[in-house]
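Residue-level listing of the chains:
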Amino acid sequence: LQVRDAPGLARRVQALSGVRGVGPAEVPVADQVISQGVERIGADALQSHGLTGAGIRIAVVDLGFGPSWRTLLGKELPPLTQIDATQSFDHTSSRPEIEGLSSSDEPTGHGANVAQVVWDIAPGARYTFVNYHTQLELSQAVDWLINGPDGKPRVDIVVHSNSFLDGPFDGTGVAAQAVNRAHDAGIF
């Protein structure tokens, strides 16, 4: 168990039955290291072997990327030169571009946050950012990703960090069928 010490906490914890010892945590990296986790998930090891995502096309599909996503380009998000497309299928919330709203209809930057992590892991990849608001719009977005202008998929990988908790949980729902179509088209 690792906790921040409060005055007298270590002494009180040491007195509990079953506690064998109390002391400072041994952390393999200095506390002042600020990271979004690239080292902690091993992406730095991949990158040190030249595996940067070069040649891979990744779509980040989310409810929204927030009103300030453009200010992050080339800093926390890939530069515009690495972005093949941004596309909104959100016909419900009336937000500009790919800004989007959360499922509770609040502005959300979740897509930009997810894209930051993906770009940290695969800084050499090409990116497409897509937003939607409903499951039907997600299905339309998936069809667009599957059917590029040349009839082939626009991307190799889709990162979609969202869930639908309204069933039917048997593979017949709109979202499940969209995922199956992407898989059948060869999109991971």
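Residues numbered from 1 in each chain as written. Predicted model: local features only at pLDDT ≥ 70, side-chain atom pairs only at ≥ 80, totals over all residues. Heavy atoms only, no water.

J.: How would you explain the packing of aromatic side chains if you had to name every residue and give the values?
T.: Scanning all chains against the criterion turns up 4 aromatic pairs. Ring geometry for Trp69 against Phe129: centres 6.5 Å apart, planes inclined by 85°, an arrangement best described as edge-to-face. You can see Trp69 sitting in the loop between strand E1 (57-62) and strand E2 (83-88) and its partner Phe129 sitting in strand E3 (residues 126-131), a full 60 residues away along the chain. Of the two residues, Trp69 and Phe129, both sit in the buried class. Each member of the aromatic cluster is reached from another via a ring pair, and the members are Phe65, Trp69, Tyr127 and Phe129. (Phe/Tyr/Trp six-rings, centres within 6.5 Å; stacked < 30°, edge-to-face > 60°. Helix = DSSP H or I, 4+ residues; strand = E, 2+ residues; numbered from the N terminus. Buried < 20%, exposed > 50% of the residue type's maximum accessible area, 1.4 Å probe, protein only.)

J.: Could you give me a rundown of the pairing of E1, with the residues and numbers involved?
T.: When you tally the buried positions in E1, you get 5 out of 6 residues, the bulk of the element. With 6 bridges connecting them, E1 and E3 associate as parallel partners. By the bridge assignment for E3, Val61 is matched with Val130. One ladder, built from 3 bridges, connects E1 with strand E4 (residues 157-159); its direction is parallel. Across the sheet, Ile58 pairs through a bridge with Ile157, a residue of E4. (Pairing = 2+ DSSP bridges.)

J.: Before we move on, could you go through a nonpolar patch on the surface and cite the residues and values that matter?
T.: On the surface, a nonpolar cluster with roughly 230 Å² of combined accessible area is contributed by Ile41, Val117 and Ile121. Assignment of secondary structure puts Ile41 in the loop between helix H1 (9-14) and helix H2 (43-48). (Patch = residues over 30% accessible without salt bridge, like charges linked within 9 Å, V, L, I, M, F, W, Y side chains within 5 Å. Areas by Shrake-Rupley, 256 points an atom, 1.4 Å probe, with all protein chains shown as cover. Salt bridge = Lys/Arg side-chain N within 4 Å of Asp/Glu carboxyl O.)

J.: For the sheet that holds E2, give the residues involved together with the corresponding values.
T.: Read across the sheet, 4 strands follow the order E2-E3-E1-E4 without closing on themselves; strand pairing throughout is parallel. Strand pairing shows two members of the sheet lacking a second neighbour, E2 and E4, which therefore form its edges. Sheet twist, expressed as the average angle between the axes of neighbouring strands with direction ignored, equals 15°. Strands E1, E3 and E4 of the sheet are contacted by helix H3 (residues 110-121), whose axis makes an angle of about 155° with E1. (Axes fitted to C-alpha atoms, helices over the stretch in contact; angles between N-to-C directions. Contact = heavy atoms within 4.5 Å.)

J.: How would you explain the confidence of the model for the protein if you had to name every residue and give the values?
T.: Averaged over all residues, the pLDDT of the protein equals 88, while 89% of them reach at least 70. Overall, residues 29-35 carries pLDDT values under 50, and its contacts beyond four positions in sequence, including any with other chains, amount to 1 contact. (pLDDT = per-residue confidence, 0-100.)

J.: Describe unusual backbone geometry, naming the residues involved and giving the relevant values.
T.: At Ser94, a position not held by glycine, the phi torsion is positive, near 65°. On the secondary structure map, Ser94 appears in the loop between E2 and H3.

J.: Give me the pattern of salt bridges: which residues, what numbers.
T.: Scanning the entire structure with this criterion turns up 5 salt bridges. For the salt bridge of Asp143 with Arg181, the shortest nitrogen-to-oxygen distance reads 2.9 Å. One end of the pair, Asp143, is in helix H4 (residues 135-146); the other, Arg181, is in helix H5 (residues 174-184), with 38 residues separating them in the sequence. Note on Asp143: relative accessible area 30%, which makes it partly exposed.

J.: So what's going on with the environment of Ile157? Residues and values would help.
T.: Locating Ile157 in the fold gives a position in strand E4. When the C-alpha positions of Ile157 and Val60 are compared, they lie 8.6 Å apart, and in sequence the two are 97 residues distant. Sequence-distant contacts of Ile157, defined by excluding residues within four places in its chain, comprise Ile56, Arg57, Ile58, Ala59, Ile187 and Phe188.

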